[in-house]
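Structural features, examined
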Amino acid sequence: MLNRTDDLDSDDDGLVSSGSLALPGMNVDETVKPGTALRVEVACAGEGTVTFTALSGTAKRARRVDCTQPIASSFDFTTAGPSLTIEADSPKAEKAGTAYVMRRIT
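The paragraphs below set out a description of the structure included in this document. (Residues numbered from 1 in each chain as written. Predicted model: local features only at pLDDT ≥ 70, side-chain atom pairs only at ≥ 80, totals over all residues. Heavy atoms only, no water.)

1. Some points on the pattern of salt bridges
Under the counting rule described, the total for this entry stands at 2 salt bridges. The partner of Asp76 in a salt bridge is Arg39, with the nearest N and O atoms 2.6 Å apart. Note that Asp76 is positioned in strand β6 (residues 73-78) and Arg39 in strand β3 (residues 37-46), a separation of 37 residues in sequence. Assessed through its relative accessible area of 35%, Asp76 is described here as partly exposed. Classification of Arg39 as partly exposed rests on a relative accessible area of 39%. (Salt bridge = Lys/Arg side-chain N within 4 Å of Asp/Glu carboxyl O. Helix = DSSP H or I, 4+ residues; strand = E, 2+ residues; numbered from the N terminus. Buried < 20%, exposed > 50% of the residue type's maximum accessible area, 1.4 Å probe, protein only.)

Shown next as structure tokens:
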């Protein structure tokens, strides 16, 4: 389960982006600055696995998540460009749902 965000309109808790992704799918944030340290928390539900990938400039980090496990997985990521992309892909796209939250590390 992902940590709950209280006020998505507020950046007080360091929230950068959150959402769900179709499989395969991606979301792009063009407001993030290079050198931003982030904690990316990802989860999926259903069957199979989902690979989540964070991309920014030359920086790339991926994490595979088992959709049968009810816990989220997290990884740290530092942006290297003026945009941030989160991608999700799975060989069983029609059998899994996804969610992610990205927060600044302070």
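2. Looking at the side chain of Thr98
Relative to the helices and strands, Thr98 is located in strand β8 (residues 96-104). There is a polar contact of 2.8 Å between the side chain of Thr98 and the backbone oxygen of Leu21. When residues no more than four places from it in sequence are discounted, the contact partners of Thr98 are Gly19, Ser20, Leu21, Leu23, Ala43, Cys44, Val50, Phe52 and Ala88. (Polar contact = N/O pair within 3.5 Å; in protein donor to acceptor, adjacent residues only side chain to side chain. Contact = heavy atoms within 4.5 Å.)

3. Here we look at unusual backbone geometry
Here the amide bond leading from Leu23 into Pro24 is cis, since omega sits at -10°, within 30 degrees of zero. Position of Pro24 among the secondary structure elements: in the loop between β1 (15-19) and β2 (25-29).

4. What to know about the state of the cysteines
Applying the stated criterion across every chain yields a total of 1 disulfide. Here Cys44 engages in a disulfide with Cys67; their sulfurs sit 2.1 Å apart. The sign of the -110° torsion about the S-S bond sets the Cys44-Cys67 disulfide as left-handed. Here Cys44 is found in strand β3, whereas its partner Cys67 is found in the loop between β5 (59-66) and β6, with 23 residues between them in sequence. The two residues Cys44 and Cys67 agree in class, both being buried. (Disulfide = S-S within 2.5 Å.)

5. Focus: the pairing of strand β4 (residues 49-56)
Looking along a regular strand, one sees side chains alternate from face to face of the sheet. Judged from the 8 bridges that link them, β4 and β5 form a sheet pairing that is antiparallel. Each bridged residue has a counterpart across the sheet, and for Phe52 the counterpart in β5 is Arg63. Connecting β4 to the next strand, β5, in antiparallel fashion are 2 residues, including Gly57 with a positive phi near 60°. One ladder, built from 5 bridges, connects β4 with strand β7 (residues 84-89); its direction is antiparallel. Along β7, the bridge assignment pairs Thr53 with Glu87. (Pairing = 2+ DSSP bridges.)

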